[in-house]
Amino acid sequence: MDEVEALRAELLSAVSGASDLAALEDARVNALGRKGRLTERMKSLGALELEARKAMGARLNVLRDELNEALAARKTALSSAELEARLASERIDITLPVRPEREGRIHPISQVIEELVAIFADMGFTVAEGPDIEDDFHNFTALNMPPDHPARQMHDTFYLPPDANGERKVLRTHTSPVQVRTMEAGPPPYRVIAPGRTYRVDYDMTHTPMFHQIEGLAIDSSTHMGHLKGCLIDLVRTFFELDDLPTRFRPSFFPFTEPSAEMDIGCSRKGGELKLGQGGDWLEILGCGMVHPKVLELAGVDPTRYQGFAFGLGVERCAMLKYGIPDLRTFFEADLRWLRHYGFAALDTPSLATGLSR
Ligand code: DAH
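None of these values were measured; they are calculated from a predicted model.

## Remarks on the domain arrangement of the protein chain
Right, on to step 1. What the domain assignment reports for the protein chain is domain 1 (3–89) and domain 2 (108–342).
Right, on to step 2. Using C-alpha coordinates to define each centre, domain 1 is positioned 88 Å away from domain 2.

## Side note on the packing of helix α1 (residues 3–17) against helix α4 (residues 50–89)
Right, on to step 1. The interhelical angle for the contact between α1 and α4, taken along N-to-C directions, is 10°, at an axis separation of 10 Å. Judged by the angle between their axes, α1 and α4 are roughly parallel. Touching Val4, Glu5, Leu7, Arg8, Leu11, Leu12, Val15 and Ser16 of α1 are Met56, Arg59, Leu60, Leu63, Glu66, Leu67, Ala70, Leu71 and Arg74, all from α4.
Right, on to step 2. Residue composition of the contact of α1 with α4, by class: 11 nonpolar, 1 polar and 5 charged.

## A look at unusual backbone geometry
Right, on to step 1. The peptide bond linking Pro188 to Pro189 adopts the cis configuration, its omega dihedral lying at 5°.
Right, on to step 2. Tracing the backbone through its elements, the reader meets Pro189 in the loop between α7 (177–185) and β4 (190–199).
Right, on to step 3. Of note, the amide linkage connecting Glu258 to Pro259 takes the cis form, showing an omega dihedral of 0°.
Right, on to step 4. A positive phi angle, near 75°, is found at Asp148, a position not held by glycine.
Right, on to step 5. By the secondary structure assignment, Asp148 is in the loop between α6 (136–139) and β3 (170–171).
Right, on to step 6. In the Ramachandran plot, Ala334 falls in the positive-phi region, its phi being about 55° despite a non-glycine side chain.
Right, on to step 7. One can find Ala334 in the loop between α10 (315–323) and α11 (336–342).

## Topic: the site of the ligand
Right, on to step 1. Around the ligand lies a shell of 15 residues, among which His174, Ser176, Arg200, Gln213 and Glu215 are the nearest.
Right, on to step 2. Arg200 is positioned with one of its side-chain polar atoms (N or O) 2.8 Å from an oxygen atom of the ligand.
Right, on to step 3. The side chain of Glu215 places a nitrogen or oxygen atom 2.5 Å from an oxygen atom of the ligand.
Right, on to step 4. Relative to its free-state accessible area of 350 Å², the ligand is covered by the protein chains to the extent of 91%.
Right, on to step 5. When each cavity is represented as a set of grid points, the ligand is found to reside in the largest pocket.
Right, on to step 6. At the level of secondary structure, the elements contributing two or more residues to the shell around the ligand comprise β5 (210–220), β9 (281–291) and β10 (307–314).
Right, on to step 7. Its residues assigned to classes, the shell around the ligand comprises 5 nonpolar, 8 polar and 2 charged.

About the thresholds
- Once a new chain begins, its residue numbering starts again from 1 and follows that chain's sequence as written.
- Restriction of local features to residues with pLDDT of at least 70 applies here, the model being predicted, together with a cutoff of 80 or more for giving and counting side-chain atom pairs; totals for whole chains, interfaces and linings are based on all residues.
- To get the side-chain values, take all heavy atoms of the structure and skip hydrogens and water.
- Each domain span listed reflects an automatic or database assignment of domains.
- Inter-axis angles, ranging from 0 to 180 degrees, are taken between N-to-C directions of lines fitted to C-alpha atoms, where helices are fitted over the stretch in contact.
- Starting at the N terminus, helices and strands are each numbered in turn, a helix being any DSSP run of H or I of at least four residues and a strand any DSSP run of E of at least two.
- Angles are sorted into four bins: roughly parallel if under 35 degrees, roughly antiparallel if over 145, roughly perpendicular if 65 to 115, and oblique for all others.
- The criterion used for residue contact is that any of the two residues' heavy atoms lie within 4.5 Å.
- Residues are grouped as follows: Ala, Val, Leu, Ile, Met, Phe, Trp, Tyr, Cys and Pro are nonpolar; Asp, Glu, Lys and Arg are charged; every other residue, Gly included, is polar.
- What makes a residue near a molecule or strand is one non-hydrogen atom of that residue sitting within 4 Å of it.
- Pairs of N or O atoms within 3.5 Å make up the polar contacts considered here, provided that, within protein, one atom can donate a hydrogen while the other can accept it, and that residues adjacent in sequence are counted only when both atoms are side-chain atoms.
- Only the protein chains shown count as cover for residues, and the accessible areas themselves come from Shrake-Rupley with a 1.4 Å probe.
- Both site types are read off a 1 Å grid over the protein atoms alone. A 1.4 Å probe that fits but cannot get out defines a cavity, while an open set with protein on both sides within 12 Å along at least five of seven lines defines a pocket; lining residues have an atom within 4 Å of a point.
- To qualify as sitting in a cavity or pocket, a molecule needs more than half of its atoms within 2 Å of the grid points.

Laid out in structure tokens, this is it:
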């Protein structure tokens, strides 16, 4: 074997023997790098006679091409082997069952607020908000309950300690102050609902010191009692999913509405079991009325040009009736077993976008 044959055998076997891309690069540098074996051999051609140089140069060129081909082929082989190895080691077994995970539940209060908001959104109402800590003016005075008005005693109010001016803020006793704040914020028309927390000093089977209401306010130049009835009848029939749910409006009193009414829905209490929608009994569901001219006036709305209705309903009461939850206090005891039983899967909660369709 002559010298070139020996070099060829050596360099090609280094290429075919390279076990990974790094070793292959070493083999390349060792053969064709600036100080590589073949490179050096080519540099020494100059020392040869012309004829010998031509012959040897041709052989070396052939060897260089052969080496380059071998390098490229080996590189392809090693790269795909490396990829295969990675694919094998990083394989995800998608047939494995997922590990069970505890799902959170939506509290019935949140669920019912979402349901009611979705119904009112379909009727063109938007959501308004007000603070839980209210001043006396918005919670009482502006709602036609001046100081010493007997109606203030209807609410067992939580008072905060007096501030520097001697003013005592309250935890709002109802969501009605949001009516006032809405009217103060800009001119009619208004079509808003205000869900939120409310507070009264009370605790038994049917009362908790914190509870939730949804307030409604619809004011423009022509809204009348017929609109009030239509809106609220639609509301309860949609919410309770009973198209023929009987309803009635009973005269009542609220200082901020005139006339005022309470709305009842039909039910039966036969055998101690409450069933909505049938039977001769009635169940009170909400308070409502035509907004008192005095209330409009105090909020800066001209009662000779504008009129409309308001209503307030208890969220817990709606939840208890619709979902058969017997004791109000359990809503706020933070018992996970209760929440898992009465709560809702996140995807069942309607949103403004989906409406009530599930
Ligand atoms: N604010 C009343 C309450 O908490 C409920 C209510 C009654 C609100 C009549 C209204 C209404 O807007 O018109 O007892």
